[in-house]
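# Reading the structure
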Amino acid sequence: MICILSDFGVESIYVAEMIGVIKTINPKAEILILKNNITRHNIFEGAFILNEISKYFPNGTIFLCVVDPTVGSNRLPLIVVTKKNIYIGPDNGLFFIVAKNEGIKEIYKIEISKIFGNEISMTFHGRDIFAKVAAILSLGFKPDFLGLPITSISELWLDKAQVGDEYIKGRIIYIDDFGNLITNISKEDFLKAKLGMISQLKVKINNVEYELPFVKTYSEVNVGSPLILINSFNLVEIAVNQGNAQKFFGVNVGDLVELFQA
């Protein structure tokens with residue numbers, strides 16, 4: 001199975017071209033589109049989503065991932081083999097979180113000379129390099145057929161929340177399609193700060209203070225009302241029941257979030 005993740009856009013011609021390349025090489029390839037509306041050029045968002053999604057796919061899945069704002073530069077084209085899956089794409093930190101969590105087995109720099117076909121575009125390695133590599137590997141070829149082994153990949157670290165006694169300071173790291181605000185504050189951080197048994201929390205977002213209920217589900221508050229909960233990522237999320245928290249609070253990825261006992 002080949003799974004595609006990119007920042008190209010939901011109805012992008014570029015995704016269609018990559019699929020066409022894969023099917024030309026392996027007409028029987030099973031292709032699944034994961035998400036193509038990663039915020040443009042946002043490598044961290046791509047890395048975060050990839051790490052979360054990959055947990056639910058069978059071992060041996062091939063992930064073709066293109067969030068590549070420095071395409072055409074000297075950044076390396078990679079095949080990363082973990083103890084669970086195979087990742088193909090640019091060496092810009094996109095694979096660091098998932099590879100660290102799954103455990104790296106092998107890393108290969110793709111040898112461009114082994115990529116057959118038309119001339120390689122300087123601006124579209126997703127089609128001319130990565131899609132071809134994914135298709136070839138889906139036929140059963142080993143990564144060393146296409147690449148040379150290397151020992152490291154570019155790092156991309158998730159900032160940790162600052163945890164104190166009944167106090168946590170973190171950031172918004174992702175805003176989903178519902179406008180929910182996902183923070184870097186984990187369930188463990190929440191419990192460590194002794195906030196897990198509190199029903200109301202003071203929340204400061206960009207120095208504006210609110211008092212919000214800490215609940216288990218969205219429906220515990222009235223429609224249109226804000227809330228805090230632990231989401232399916234086991235991270236603290238600020239949301240609005242059947243509404244858009246990003247618009248409600250007027251915030252963006254990277255903004256500060258502080259939690260206190262009310």
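Here the structure is shown first, and the text comes after it.
Since the structure is predicted, the reported quantities are computational estimates derived from the model, not experimental observations.

### Section: the nonpolar core
- In terms of nonpolar packing, the biggest core is built from 30 residues, with F48 and V80 touching the most fellow members.
- Counting only elements with at least two residues in this core, the list comes to β1 (2–6), α2 (43–54), β3 (62–66), β4 (77–82), α3 (96–102) and β9 (167–175).
- With seven residues, α2 is the largest single contributor of residues to this core.
- Here F48 is in contact with I173, Y174, I182, F233 and L235, once residues within four sequence places are set aside.
- Counting residues in hydrophobic clusters, the runner-up holds 29 residues, among them I2, Y108, F130 and A131.

### Quick look at the sheet that holds β3
- An order of β2-β1-β3-β5-β4-β6-β7 is seen for the seven strands of this open sheet, with the pairing classed as mixed. On the outer flanks of this sheet lie β2 (31–35) and β7 (147–150), each paired with one strand and no other. Sheet twist, expressed as the mean angle between neighbouring strand axes with direction ignored, is 25°.
- When β1 meets β2, the two strands line up parallel, connected through four bridges. Residue pairing for β2: I2 is matched across the bridge by I31.
- Docked against the sheet, α2 engages β1, β2, β3 and β5 (86–90), running at close to 155° with respect to β1.

### Focus on the packing of aromatic side chains
- Scanning the entire structure with this criterion turns up 14 aromatic pairs.
- Centre to centre, the rings of F8 and Y14 are 5.7 Å apart; their planes meet at 65°, and the pair counts as edge-to-face.
- Judged by its relative accessible area of 41%, Y14 is partly exposed.
- A centroid spacing of 4.6 Å and a plane angle of 45° characterise the contact between F190 and F214, whose relative ring orientation is tilted. Remark: F214 occurs in the loop between β12 (208–213) and β13 (226–230) and F190 occurs in helix α5 (residues 187–192); sequence separation between them is 24 residues. The residues F190 and F214 share a single accessibility class, namely buried.
- Among the aromatic residues, those joined into a ring-pair cluster are F57, F63, Y87 and F95.

The rules behind the values
- Residues numbered from 1 in each chain as written.
- Predicted model: local features only at pLDDT ≥ 70, side-chain atom pairs only at ≥ 80, totals over all residues.
- Heavy atoms only, no water.
- Core = buried A, V, L, I, M, F, W, Y, C linked by side-chain atoms within 4.5 Å.
- Buried < 20%, exposed > 50% of the residue type's maximum accessible area, 1.4 Å probe, protein only.
- Helix = DSSP H or I, 4+ residues; strand = E, 2+ residues; numbered from the N terminus.
- Contact = heavy atoms within 4.5 Å.
- Pairing = 2+ DSSP bridges.
- Axes fitted to C-alpha atoms, helices over the stretch in contact; angles between N-to-C directions.
- Phe/Tyr/Trp six-rings, centres within 6.5 Å; stacked < 30°, edge-to-face > 60°.

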